[in-house]
Structure formats: structure tokens, C-alpha cells
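# Notes for the structure review
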Amino acid sequence: MSEEHTSPPTLEKGPGAGGEDDGGFEQTRSAGAFEADDHGGGRGAGRFWSARRVPAAILALVLLGASGLLLYDVASVRAGRQAMAWRKAIADKLAATSLDSAWVLAAGAVAVVLGLWLLVLALTPGTRRLLPLRGDSGGVVRAGLDRDAAALILRDRAQEVSGVQSVRVDVGRRKVRARAQAHFRDLDAVRADLDAALQNGIRSLGLARRLGLSVHVRRPKKR
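Owing to the predicted nature of the structure, the values given are computational and were not obtained by experimental measurement.

## Section: the overall build of the chain
A tally of helices and strands in the chain yields five helices and seven strands. Shown N-terminal to C-terminal, the secondary structure of the chain runs as helices and strands in the order β-β-α-α-α-β-β-α-β-β-α-β. Residue burial in the chain is summarised as follows: out of 223 residues, 27% are buried. Taking contacts inside the chain between residues at least 6 apart in sequence as the whole, the part at least 24 apart equals 63%. Surface accessibility of the chain: about 14400 Å² in total, with carbon and sulfur atoms responsible for 58%.

Below, the structure is given as C-alpha cells:
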């Protein structure tokens, strides 16, 4: 049976608390983090790997076109025809150009940057929009939750809190940020209930990794 460890949120009064600043309306903020439930062993915690179809397709098409054109020209020369003008021009240019010329260095720099970009794409998982969920004990089934869907679920939870007029929830890879407007009740009470509701909501999502939580509650602007 797992234990949940919840760190108490820290309360910060903004400079506008008491209605003296920030447009004359009160606000209260809190920030807290808690450990996700480790039921299931926390398997499947790694991010999903992206297929990288678009970069792979672009690179494959470029290499296919360049190699096909070069092979066609080589075959034409072998068949007794003259080489294409572009290949003659490139060969003459390379024969007359030193390695320390500006355009050679620029081409080399571009090739290095493209190579590093391809290496980064090959070695990093991508799919930042998916939050990994806890997997089964065998690690066979993996599931993920889209961050927009998670934000919608948490926003519905937040709107059920008494005193909340409107709320915006943003779910990042490591932190959930909620900004709410309270039209009645004490701001600290609304913030505390909103903290509890969002923490329970995050826990119910079944995420594999811990998410931080930041809550900001304020009064709506006076018209």
C-alpha cells in the first residue's frame, strides 16, 4: 500500500493584497508540489518517442534526389555522353578553391548544424504534448495523456470550487499553473480549496511523474 506525501503549499501575498496595488484588486498565490502515487511501480515514466516523420521524409527525399541525379550523370558519362554542366562547374570550382575560402567554411558550418540537429532529433524522445501515465506492473501497456486534455479536466475540477468565478489552467511538463478569479469568499479560503481540488485532480490523472502546482487567485476587475 503506497503512501502519499503532500508538502503544504506556501502562501504568498501579492503586492496587491488588501487592494492597495495591482489595479486595486486583491490576489493570493500559492505554490506546492506533491509526490505522485507510485502504485504500479511507476513504470512507463519515460516520455514517448516521436516518429519524426516529417524530418525523416524531408531528409530521405533530399538524399534520394541528390543521389539519383548524381548517379544518372555518372551513368551518362559512362555511356559516352558529356557530364552535366552543373557537375563540370562544381568540379572546376572545387579545383580552383582553397579549403579556407569563405563559402567552403560556410557550407561546412551549415552541414555541421544540420548534422547536430539530426542527432538531437535522433537522441531525444520528443512528444512533449503527452504526459506519461503509470503503467501496469509488467510494463507491457503504456499510456499517455495530452496536456490540453489534462488542463480541461483540472479546469472542470477547479470550477467546482465555491467562490471561483473563472479559472485558467495550464499544464506543463513539470508544473500545473492555475489562475482563478473569485467573486466572493475570502481569497485565502478559495485558494486553499482550489489547491486541494487541483492536487486531488492531478493525483486522479494517474501520471507517472510528480507535477508541481502553482495557484493564483485574485478578484475580478472592478467596472
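## Considering a nonpolar patch on the surface
Taken together, the side chains of Leu69, Leu70, Val74, Trp86, Ile90, Leu94 and Trp103 present a nonpolar region at the surface, about 620 Å² in accessible area. Within the secondary structure, tryptophan 86 is located in helix H2 (residues 85-96).

## Some thoughts on the pattern of salt bridges
All told, the structure shown has four salt bridges when counted by the stated rule. Here aspartate 170 and arginine 168 are joined by a salt bridge, their closest N and O atoms 3.5 Å apart. A residue is classified by how much of its surface remains accessible, and aspartate 170, at 36% relative accessible area, is partly exposed. Assessed through its relative accessible area of 57%, arginine 168 is described here as exposed. Linking aspartate 195 and arginine 191 is a salt bridge whose minimum nitrogen-to-oxygen distance equals 2.8 Å. Taken together, the residues span about one helical turn, with aspartate 195 and arginine 191 both in helix H5 (residues 187-204) at a distance of four residues. Like aspartate 195, the residue arginine 191 is buried in the burial classification.

## So, the pairing of strand S7 (residues 212-218)
A large share of S7 lies buried, amounting to five of its seven residues. Here seven bridges tie strand S6 (residues 175-182) to S7, and the two strands are oriented parallel to one another. Its bridge partner lying in S7, valine 176 is registered against leucine 213. Remark: the S6/H5/S7 crossover connection has right-handed handedness.

## A few points about the nonpolar core
Counting 28 residues, the largest nonpolar core has Leu154, Val171, Val176, Leu194, Leu198 and Val217 as its most contacted members. Residue assignment for this core shows that the elements contributing at least two residues are helix H4 (147-159), strand S5 (164-171), S6, H5 and S7. Sorting elements by how many residues they give to this core places H5 first, with six residues. With residues up to four places along the chain from it excluded, the contact list for valine 171 reads Leu131, Arg147, Ala150, Ala151, Leu154 and Val176.

How each quantity is defined
- Residues numbered from 1 in each chain as written.
- Predicted model: local features only at pLDDT ≥ 70, side-chain atom pairs only at ≥ 80, totals over all residues.
- Heavy atoms only, no water.
- Helix = DSSP H or I, 4+ residues; strand = E, 2+ residues; numbered from the N terminus.
- Buried < 20%, exposed > 50% of the residue type's maximum accessible area, 1.4 Å probe, protein only.
- Contact = heavy atoms within 4.5 Å.
- Areas by Shrake-Rupley, 256 points an atom, 1.4 Å probe, with all protein chains shown as cover.
- Patch = residues over 30% accessible without salt bridge, like charges linked within 9 Å, V, L, I, M, F, W, Y side chains within 5 Å.
- Salt bridge = Lys/Arg side-chain N within 4 Å of Asp/Glu carboxyl O.
- Pairing = 2+ DSSP bridges.
- Right-handed = clockwise from strand over helix to strand, strands pointing away.
- Core = buried A, V, L, I, M, F, W, Y, C linked by side-chain atoms within 4.5 Å.

In short, the description is geometric, and any link to function would need to be established separately.
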